[in-house]
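So you can see what is in the structure, the chains are spelled out below.
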Amino acid sequence: METKPSTATAATTIVVDEEEEEEEEDAAEAWGDWESGAEEDGGDSSPNFLCLFCGSRFDSTASLFKHCSVDHAFDFYGVVRDMGLDFYGSIKLINYVRSQVAENKCWSCGETFQCREDVQNHLHVANSYNKDGKVLWADDSYLKPFMEDDSLLHSFAVDDDDEDWNPSMDKEELMRQLMSNEELEELCRNTHNMVGVKDEREIEEKEDQFEKITVNGSVLEDTCEPLNQKDNEKQLKISRATLAAREIKNVNDGYFGAYGSFGIHREMLSDKVRTDAYRSALINNPSLLNQATVLDVGCGTGILSLFAAQAGASRVIAVEASAKMATVATQIAKDNGLLADESLKCEDKKGSKVISVVHCMVEELDKHIQVPPRGIDVLVSEWMGYCLLYESMLSSVLYARDHFLKPGGAILPDTATIFGAGFGRGGTSLPFWDNVYGFDMSCIGKEIAEDAARVPMVDIVEPQDIVTESAMLHYFDLATMTQEEMDFTSSFELKPRPDNARLTWCYGIVLWFETGFTARYCKEAQAILSTSPHCPKTHWSQTIFTFKEPIALTTVESIDDSSAPVGSRECPASTIRSRISIVRSSAHRSIDASIETTAVGSDGRKRSWPAQIFNL
């Protein structure tokens, strides 16, 4: 994998088990409130449904949505069908539209108007349902009713042609099943097997697999009988699996498609630290590469494959999921006289023409090219992302290791380590805004600092702005680790740098990583790729997590003001204790991070801050 530049990120909450249980109870109670509210109203079989855009009311949801489609260019059933929305996705859509209209905004393009009438005159067919790569109503806050006693939320049904939804399901049972976290989590894990789905036909094949129900070891086909509990569960699984597979496919399409930009590849190839580390490991270890069969996962321009061929590999399989870059890598290999003649058998391929470029994800490699089982001698990949794991292809690399690498084969790099340290005011944007052409604009700096406490930043931190000693957070052995070990929690201490005896302020924690090409496989020449602030700059920069408030630090033991909080100017801390958890997010190719911070004074007193939640 070759890492692309950072885009704007948004903070999100990492949901731990206890919070999930509380939210489940709250959601179930909220659903019960809606149901009981309807009963208290006398159980009217013809509720009064309010239009999403105007004050018109209707006796049925069908007439309401027909009105929305004809008069307001909002085809509810069409959106549900196009987006593959399940029950709660449809709930979120309705609440999202109501919230936007209440703010006099167009629900699809976001344009703001002076009054509701202007919004209605502006409404148009949506060009897209996404913004910044996310569905407009993706936030789970839209599961909560925007309008009190909104009868539409528990009375609508999707199009009769939509097989993923059946309005005859019992709503209380449906909500109970939707809140079954263990089942949904298991299903989400299963959908990773569907990442390679390429088109609707393959998605339908996956759905067909879910359509069979097993009872006492026997597979029963669907019947026309009314849905029972098993059928309800099956329908939910189909809808959830299909939606998850589509979301993963969309993320992958956007992710790999972005690598069609040559500017990204120029930036990465110009990263001398990165490219030289790989070149040294491949070129300077002849005992490893000579006559070896090499697999390059996420080849991009094919630069690592070119190095491997130059080092004497007998065969190089370059895998690239971006269609454009697979074509480019093929042309580059050909232009340099290294492209293999695929009409020849492997044993007949001689000379320098050893590179075969395959357009696919590595999980599908054996469907596109013949690869001997466990027949790869060297697996190489530049898979690292920001903060090591963001947008990384580590899971794909581990898949390739487990399926194609021969026992004792080499994986390059074979180690990865995440480090952290505290940074000072110079690591923030505050100094810039203090004096802009002689004017005080610090109010902007303060607002940016508040935002930074919720959103991690990818930027360069200068060595002089590091105010604590470094700490190792986590070590990965790529030769033995499992995919589950990509998620970790680390507790560590940060102490002021010994050369800084005066009072200093720590504004947050900066993370970076190192990958190693160790003597385990690289016998002749080892290499280290470091993104540390103390080393030459790389395109990965560092990842910055800003505290909600800075913490005063000192190495001098002094008589502290016992009435002052630890970490303040009057009572500076001698140590910062922190615990960081980094896990793969429910959003494909993203990571969630939580940071817990405690300042410890020289007298042993402590002060803790609430955990901060970040999404990258």
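- As recorded in an unreviewed UniProt entry, the protein goes by the name Probable protein arginine N-methyltransferase 3, listed as coming from Ananas comosus.

1. A look at the overall build of the protein
And then number 1: Tallying secondary structure elements over the protein gives 17 helices and 21 strands in all.
And then number 2: Buried residues in the protein amount to 50% of all 616 residues.
And then number 3: In the protein, once contacts between residues fewer than 6 apart in sequence are set aside, the share between residues at least 24 apart is 70%.
And then number 4: Approximately 30,100 Å² of the protein is accessible, and the part contributed by carbon and sulfur atoms is 48%.

2. With respect to the packing of helix α11 (residues 272-283) against helix α13 (residues 303-310)
And then number 1: Where α11 contacts α13, the axes come no closer than 9 Å and their chain directions differ by 25°. Taken together, the axis directions place α11 and α13 in an arrangement best described as roughly parallel. By crossing handedness, the relation of α11 to α13 is classed as right-handed. In contact with Thr275, Tyr278, Arg279, Leu282 and Ile283 of α11, α13 contributes Leu304, Phe307, Ala308 and Gln310.

3. What about the packing of aromatic side chains?
And then number 1: Within the structure shown, the criterion is met by 17 aromatic pairs.
And then number 2: An angle of 80° between the planes, with centres 5.0 Å apart, marks the rings of Tyr278 and Phe517 as edge-to-face. Here Tyr278 is found in helix α11, whereas its partner Phe517 is found in strand β16 (residues 504-517), with 239 residues between them in sequence.
And then number 3: Residue classification places Tyr278 among the buried positions, given a relative accessible area of 1%.
And then number 4: Ring centres of Phe476 and Phe488 lie 5.9 Å apart, and the angle between their planes is 80°; this geometry places the pair in the edge-to-face category. You can see Phe476 sitting in strand β14 (residues 471-477) and its partner Phe488 sitting in strand β15 (residues 488-494), a full twelve residues away along the chain. For the pair formed by Phe476 and Phe488, the shared burial category is buried.
And then number 5: The structure contains a cluster of three or more aromatic residues connected by ring pairs, namely Phe53, Phe74, Tyr96, Trp107, Tyr129, Trp137 and Tyr142.

4. So, the side chain of Thr504
And then number 1: Along the polypeptide, Thr504 turns up in strand β16.
And then number 2: Exposure remark for Thr504: the relative accessible area of 7% places this residue in the buried category.

5. Quick word on the environment of Lys334
And then number 1: The topology assignment puts Lys334 in helix α14 (residues 323-335).
And then number 2: For the pair Lys334 and Lys353, spaced 19 residues apart in the sequence, the C-alpha separation amounts to 8.5 Å.

6. Quick word on the nonpolar core
And then number 1: Counting residues in each nonpolar core, the largest one holds 97 residues, and the members touching the most others are Leu295, Ile355 and Leu365.
And then number 2: In terms of residue count, the dominant contributor to this core is α13 (six residues).
And then number 3: With near-sequence residues (within four places) excluded, Ile355 lies in contact with Ser305, Leu306, Ala309, Val316, Ala318, Ala333, Leu338, Leu339, Ala340 and Glu342.
And then number 4: Formed by 34 residues, the second largest nonpolar core is a distinct cluster that contains Phe58, Phe74, Val119 and Leu152.

7. Things to note about the UniProt feature "domain: C2H2-type" (unreviewed entry) in the protein
And then number 1: In the numbering used here, UniProt assigns the "domain: C2H2-type" (unreviewed entry) feature to residues 51-72.
And then number 2: For residues 51-72, the end-to-end C-alpha separation is 10 Å, with 55% helix and 9% strand making up the annotated structure.

8. Describing the pairing of strand β20 (residues 591-601)
And then number 1: Within β20, ten of the eleven residues are buried, leaving the element largely enclosed by the surrounding structure.
And then number 2: Pairing between β20 and strand β21 (residues 606-615): eight bridges, direction antiparallel. Across the sheet, residue Val600 finds its bridge partner in β21, namely Lys606.
And then number 3: Between the antiparallel neighbours β20 and β21 lie four residues, among them Gly604 with a positive phi of about 90°.

9. Focus: the sheet that holds strand β8 (residues 315-320)
And then number 1: Spatially, β9-β8-β7-β10-β11 is the arrangement adopted by the five strands of the open sheet, whose pairing is parallel. With partners counted over all chains shown, the strands left at the sheet margins are β9 (355-359) and β11 (405-412), one partner each. Taking each pair of neighbouring strands and ignoring which way they run, the sheet shows an average axis angle of 20°.
And then number 2: Sheet contacts for α13: β7 (293-297), β8, β9 and β10 (376-380); angle to β8, the most-contacted strand, approximately 180°.

10. Here's the deal with the pattern of salt bridges
When their charged atoms lie close together, side chains carrying opposite charge are able to pair.
And then number 1: If you walk through the whole model with that rule in mind, you get 19 salt bridges.
And then number 2: Here Arg584 makes a salt bridge to Asp487, at a shortest N to O gap of 3.1 Å. Of this pair, Arg584 sits in strand β19 (residues 573-584) while Asp487 sits in the loop between β14 and β15, and the two are 97 residues apart along the sequence.
And then number 3: A residue is classified by how much of its surface remains accessible, and Arg584, at 35% relative accessible area, is partly exposed.
And then number 4: Here Glu596 and Arg579 are joined by a salt bridge, their closest N and O atoms 2.9 Å apart. One end of the pair, Glu596, is in strand β20; the other, Arg579, is in strand β19, and 17 residues separate them in sequence.
And then number 5: A relative accessible area of 38% places Arg579 in the partly exposed class.
And then number 6: The structure contains a network of salt bridges with shared partners spanning Asp414, Asp477 and Arg520.

11. Points about the confidence of the model for the protein
And then number 1: Summarising the model, the protein shows a mean pLDDT of 80, and 72% of its residues fall at 70 or more.
And then number 2: Note on residues 1-25: pLDDT is under 50 here. Beyond four places in sequence and across chains, it has 72 contacts.
And then number 3: The low-confidence segment residues 27-46 (pLDDT under 50) makes 16 contacts with residues lying over four places distant or belonging to another chain.

12. Quick notes on the packing of helix α3 (residues 76-83) against helix α4 (residues 87-102)
And then number 1: Packing of α3 against α4 leaves a shortest axis separation of 11 Å and a crossing angle of 135°. In this view, α3 runs oblique relative to α4, as classed from their interaxial angle. Considering how the two elements wind past one another, α3 and α4 form a crossing that is right-handed. Listed contacts from α4 to Phe76, Val79 and Val80 of α3 are Ser90, Leu93 and Ile94.
And then number 2: Classifying every residue of the contact of α3 with α4 by side-chain character gives five nonpolar, one polar and no charged.

13. Points about α14
And then number 1: Taking 1.5 Å of rise per residue, 13 residues should cover 18 Å, and α14 covers 19 Å from first to last C-alpha, within 8% of that figure.
And then number 2: For α14, every residue scored as buried is listed here: Met325, Ala326, Ala329 and Ala333. Buried residues of α14 fall within an arc of 105° about the axis and therefore sit on the same side. Away from its buried face by more than 90 degrees, α14 exposes Thr327, Lys334 and Asp335.
And then number 3: Note on α14: the residue one or two positions beyond its end, Gly337, has a positive phi of about 70°.

14. Examining the side chain of Thr275
And then number 1: Tracing the backbone through its elements, the reader meets Thr275 in helix α11.
And then number 2: For Thr275, a relative accessible area of 12% puts it in the buried group.
And then number 3: Those residues in contact with Thr275 that lie beyond four places of it in its chain are Met268, Leu269 and Phe307.

Thresholds applied
- Residues numbered from 1 in each chain as written.
- Predicted model: local features only at pLDDT ≥ 70, side-chain atom pairs only at ≥ 80, totals over all residues.
- Heavy atoms only, no water.
- Helix = DSSP H or I, 4+ residues; strand = E, 2+ residues; numbered from the N terminus.
- Buried < 20%, exposed > 50% of the residue type's maximum accessible area, 1.4 Å probe, protein only.
- Contact = heavy atoms within 4.5 Å.
- Areas by Shrake-Rupley, 256 points an atom, 1.4 Å probe, with all protein chains shown as cover.
- Axes fitted to C-alpha atoms, helices over the stretch in contact; angles between N-to-C directions.
- Parallel < 35°, antiparallel > 145°, perpendicular 65-115°, else oblique.
- Left-handed = near helix turned anticlockwise from the far one by under 90°.
- Phe/Tyr/Trp six-rings, centres within 6.5 Å; stacked < 30°, edge-to-face > 60°.
- Core = buried A, V, L, I, M, F, W, Y, C linked by side-chain atoms within 4.5 Å.
- UniProt positions renumbered as here; feature names shortened; annotations may be inferred.
- Pairing = 2+ DSSP bridges.
- Salt bridge = Lys/Arg side-chain N within 4 Å of Asp/Glu carboxyl O.
- pLDDT = per-residue confidence, 0-100.
- Nonpolar A, V, L, I, M, F, W, Y, C, P; charged D, E, K, R; others polar.
- Expected span 1.5 Å × (residues − 1).
- Arc of directions from axis to C-beta.

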